[in-house]
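Coordinate inspection notes
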Amino acid sequence: MRGPGPELPAIAVIADAHFHDIEGDYDFEGVRIGNRRLTVRSWGDTARSTRVFNESYAALPAALEQVCIRGIRHVVLLGDYTDDGQLATTGSLVRLLRHWRDRHRLSFYAIPGNHDVFGPFGKHQSTRFLNASGTTTLVTSDAEVAASDPGQPIVTPKMYCGGMPDGLLPMAEFGLNRNPAYLHWETPFGRSDDMHLRQHDLHSADGLTVRRLVDASYLVEPEDGLWLLMIDANVFEPRNGNRDISRKKAFLDSSNAGWNALLRVKPYLLEWIVDVCARAHSLGKRLLAFSHYPAIDPFEDATGSEQALFGTTGIVRRTPEPAVADALVRAGLRVHFSGHLHVAARSSWTTGGETLTNFAVPSLVAYPAGFNIVRAGTETTEIETVSLASMPLDPDLLDLYRAETGHNPSTPEQALQARNYGEFLHRHMHALVVSRYLPRDWPEELCELAHHASLADLCLLLIAKPCQHGHARQALLACKGDQTLSGILDDMAKARGLDRASLGTSSTLQLVVDWYRLRQGSTDALPWIPADRLRIYRILAHEFGDAGLAEQNSVQAFLTLFLGVLGRSIERAIRIPPKS
């Protein structure tokens, strides 16, 4: 084990920066405001997305400024460092990182995510950018897609997302290749950084198709005693059949693959991890591991409540199986940092008396935006989350959004009235729930209930006898006229110290939005939810919730499970995370 020695340096970990250069050149005229020519996504696209787009241009420099203020030199880029891997975007990011490296002496250690590269030859990207009129223009690298667009699309190679190795090469100087300043550097394949010597075989499920692909994993020792294990957990598994390898459909998308597929498709990585962990122990090195994908479910949803509520969502498809954590614990890994899900969380898994802790690092472009600072001692790991909430908003972007939405002072889009980035993302979550989660994931009648019912209505439904799906509206009308149910609710409110009248004026939609905020932000979401509202949620979850409910045969069962998950999220958020 590591004995007394030099103090290990702090490290900044930035996940899912999704950098988009709004002032970049995509062969599109864009929108001119003063001396700026802006290439931006619409508010409509932003409201429906789990991340914001244009604000990434300011968010990454703002995060790096906070890194410098704290005197930190080492920065891990935990995948999805680009918007969608476009050649022009990657070039802009490289110039930005070089500026901070050369001017501020920052050292970057990057590992790719599913948005940065694709397969061996890459894939086309298509995006609609905003015009001054509030309309959009398709900008794409795919001539076939452009041919089917009724507008005046622009075809440019600058939108193409590179493959491996071509898409990695611009970022090679940021940890992916060796550097004379590193005390140690290696890959699963040896000491060479030649991309052609860092390839592995991928087999299709039927075993009939085999492809060669670069693996970007590496181990680096930037300062004495500190080992950073950068794991390329992207898995581009070939599809069955004889397909054109240059086409996207030749490979399964890595977005839903992650560690579940890695154990099966890239077993050599686990062998390397075992070896690295053993050497770190014998040499007294402090080992921290990083990959884009979580190794433990950051939502700790052992009961499968997400799937029971909403079906096979993206969250369900991207949840790592327990076998992943078991394998990594047995390999000797103890600390792992992940991104991908845009969630702030800490989760642990114990096997055979040994524990792996996964720190899910928040995104720079999703609620609640921030990054982690890691201070690794010989036995403990201290984590500080740095918020970007106070970052100013770009007034030009707000003006464009308002023009696009036909700004009406009587019914303004709340996110566009935000005073800073934190408020913007907090309110963006409301738009996201209304524009995406409710219409996409919720049963229609429960979506209507979320929009129009009060918390008192919700309680009356839960007190009443179960009603089958399809009858929520009629059941609620009956509940409202039932004096017995109303009396039961009055008694419960009095016993729990709740204001019965306030339940009648409190919105179920507000609860639903806060449910998603707490799920994504955990502890970091608490400052944004008033204490009195949080107290009501805890009481409702205690009175009516059950996160382990298996049967989904009534409206009440859905609401019971939903409130159970709310209670679990609140308890996870308010607990004080121990040092790992």
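The structure this text deals with has already been given above.
Residues numbered from 1 in each chain as written. Predicted model: local features only at pLDDT ≥ 70, side-chain atom pairs only at ≥ 80, totals over all residues. Heavy atoms only, no water.

**Comments concerning the overall build of the protein chain**
Condition: Labels follow the DSSP assignment, with helices taken as runs of H or I lasting at least four residues and strands as runs of E lasting at least two, numbered in each case from the N terminus. C-alpha atoms define the radius of gyration, and 2.2 Å times the number of residues to the power 0.38 defines the globule rule. Surface accessibility in these figures is a Shrake-Rupley result with a 1.4 Å probe; residues are shielded only by whichever protein chains are displayed. Lys and Arg are tallied as positive, Asp and Glu as negative. Neither His nor the chain termini are counted. To locate a charge, take atom NZ for lysine, CZ for arginine, CG for aspartate or CD for glutamate.
Within the protein chain, the regular secondary structure consists of 20 helices and 19 strands. What you see for the protein chain is a C-alpha radius of gyration of 25 Å, in line with the 25 Å of a compact globule of 580 residues. Based on the C-alpha atoms only, the size of the protein chain along its principal axes is roughly 75 × 60 × 55 Å. Surface summary for the protein chain: the accessible area is close to 23400 Å², and the carbon and sulfur share equals 51%. Positive and negative side-chain charges in the protein chain, numbering 58 and 67 respectively, have mean positions lying 1 Å apart.

**Considering the sheet that holds strand β9 (residues 184–186)**
What counts here: DSSP-based pairing: two strands are paired if at least 2 bridges between them are found. Angles run from 0 to 180 degrees between N-to-C directions of axes, and those axes are lines fitted to C-alpha atoms, restricted for helices to the stretch in contact. By definition, residues are in contact when any of their heavy atoms lie within 4.5 Å.
On the basis of which strands lie adjacent, the open sheet formed by seven strands has the order β9-β12-β13-β14-β15-β17-β16 and mixed pairing. In this open sheet, the two edge strands, each paired with only one partner strand, are β9 and β16 (345–351). Strand after strand, the sheet turns through a mean of 20° between neighbouring axes, direction not considered. Along the sheet face, helix α10 (residues 322–331) touches β16 and β17 (354–360) and points at about 70° away from the line of β16.

**Quick look at helix α13 (residues 444–452)**
The cut-off we apply is this: A 1.4 Å probe rolled over the protein chains alone gives each residue an accessible area, and that area as a share of the maximum for its type sets the label: buried under 20%, exposed over 50%, partly exposed in between.
Inspection of α13 places E445, L446, C447, L449 and A450 among the buried residues, and these make up the whole buried set. Buried residues in α13 make contact with α12 (421–441), α14 (455–463), α15 (472–480), α18 (508–521) and α20 (555–574).

**Observations concerning a positive patch on the surface**
Note the threshold: Residues enter patches when their relative accessible area tops 30% and they take part in no salt bridge; the joining distance is 9 Å for like charges and 5 Å for the nonpolar side chains Val, Leu, Ile, Met, Phe, Trp and Tyr. The term salt bridge refers to a pairing of a side-chain nitrogen on Lys or Arg with a carboxyl oxygen on Asp or Glu at a separation within 4 Å.
Together, R239, R243, R247, K248 and K249 give the surface a local cluster of positive charge. Inspection of the secondary structure assignment puts R247 in the loop between β13 (226–231) and α6 (258–265). Its relative accessible area of 37% is what places R247 among the partly exposed residues.

**Remarks on the packing of aromatic side chains**
Note the threshold: To pair, rings of Phe, Tyr and Trp, with the six-membered ring standing in for Trp, must have centres within 6.5 Å; the planes then decide the type, stacked if under 30 degrees apart, edge-to-face if over 60, and tilted in the middle. Our definition puts a charge over a ring when NZ of Lys or CZ of Arg is within 6 Å of the ring centre and also within 35 degrees of the ring normal.
Counted under the stated rule, the structure contains 22 aromatic pairs. Seen in terms of ring centroids, Y26 and F129 are 5.8 Å apart; in terms of plane orientation they differ by 45°. Their pairing is tilted. With Y26 in the loop between β1 (11–14) and β2 (31–33) and F129 in strand β6 (residues 126–130), this pair connects stretches of sequence that are 103 residues apart. The residues Y26 and F129 share a single accessibility class, namely buried. With a centroid separation of 5.1 Å and 70° between ring planes, the pair formed by W442 and F562 is classed as edge-to-face. With W442 in the loop between α12 and α13 and F562 in helix α20, the pair connects residues that are 120 residues apart, well separated along the chain. Residue classification places W442 among the buried residues on the basis of a relative accessible area of 8%. Grouping aromatic residues by their ring pairs yields a cluster made of F310, Y437, W442, W515, Y516, F558 and F562. A cation over an aromatic ring shows up here: R41 above the ring of F53, its NZ or CZ 3.8 Å from the ring centre.

**Details of unusual backbone geometry**
With an omega of 25°, the peptide bond running from M164 to P165 counts as cis. Among the secondary structure elements, P165 is positioned in the loop between β8 (154–155) and α5 (172–176). Here Y367 and P368 are connected by a cis peptide whose omega angle stands at -10°. Relative to the helices and strands, P368 resides in the loop between β17 and β18 (370–376). Phi at D27 is positive, roughly 60°, even though this residue is not glycine. Summarising the element assignment, D27 is placed in the loop between β1 and β2.

**Overview of the environment of I14**
Mapping I14 onto the fold places it in strand β1. Beyond its immediate stretch of four places on either side in the chain, I14 contacts L60, A63, L64, V75, V76, L77, L78, L364 and F371.

**Considerations on the sheet that holds strand β5 (residues 107–111)**
Pairing is mixed in the open sheet, where five strands are placed in the order β5-β4-β1-β18-β19. Two strands in the sheet have a free side with no partner beyond their single neighbour: β5 and β19 (381–387). Each neighbouring strand pair of the sheet contributes to a mean axis angle of 25°, computed without reference to strand direction. Across seven bridges, β18 lies against β19 in antiparallel orientation. By the bridge assignment for β19, I373 is matched with E384.

**Observations concerning helix α19 (residues 531–544)**
Rule in force here: Take the residue count of a helix, subtract one, and multiply by 1.5 Å to get its expected span.
Over its 14 residues, α19 extends 20 Å from the first C-alpha to the last, a length consistent with the 20 Å expected when each residue adds 1.5 Å. Burial in α19 covers these residues: L534, I536, Y537, I539, L540, A541 and F544. In this fold, the buried residues of α19 make contact with α14, α16 (483–495), α17 (500–505), α18 and α20.

**Description of the pattern of salt bridges**
Throughout the structure, instances matching the rule amount to 39 salt bridges. Where E173 meets R98, a salt bridge forms, and the shortest distance between an N and an O atom there is 2.8 Å. Linking E173 in helix α5 with R98 in helix α3 (residues 87–104), this pair joins segments that are 75 residues apart in sequence. In this structure R98 comes out as partly exposed when scored by relative accessible area, which is 34%. Here the salt bridges do not stand alone but share partners, grouping E23, R36, D394 and D396 into one network.

**Re the nonpolar core**
Generally speaking, soluble globular proteins have nonpolar side chains that are buried together. Stated formally: To define a nonpolar core, start from buried Ala, Val, Leu, Ile, Met, Phe, Trp, Tyr and Cys residues and group those joined through side-chain atoms within 4.5 Å.
If you look at the biggest cluster of nonpolar residues, it comprises 177 residues, and the most contacted ones within it are Y421, F424 and W442. If you tally residues by element for this core, the top one is α20, at 10 residues. Here Y421 is in contact with V52, E55, A59, L364, V365, A369, L388, A389, M391 and L393, once residues within four sequence places are set aside.

**With respect to the side chain of S42**
Structurally, S42 can be placed in the loop between β3 (36–38) and α1 (43–47). Taking the relative accessible area as the measure of exposure, S42 reaches 6% and is therefore buried. Setting aside residues up to four positions removed in sequence, S42 forms contacts with L130, T136, Y401 and E404.

Taken by themselves, the reported measurements are silent on function.
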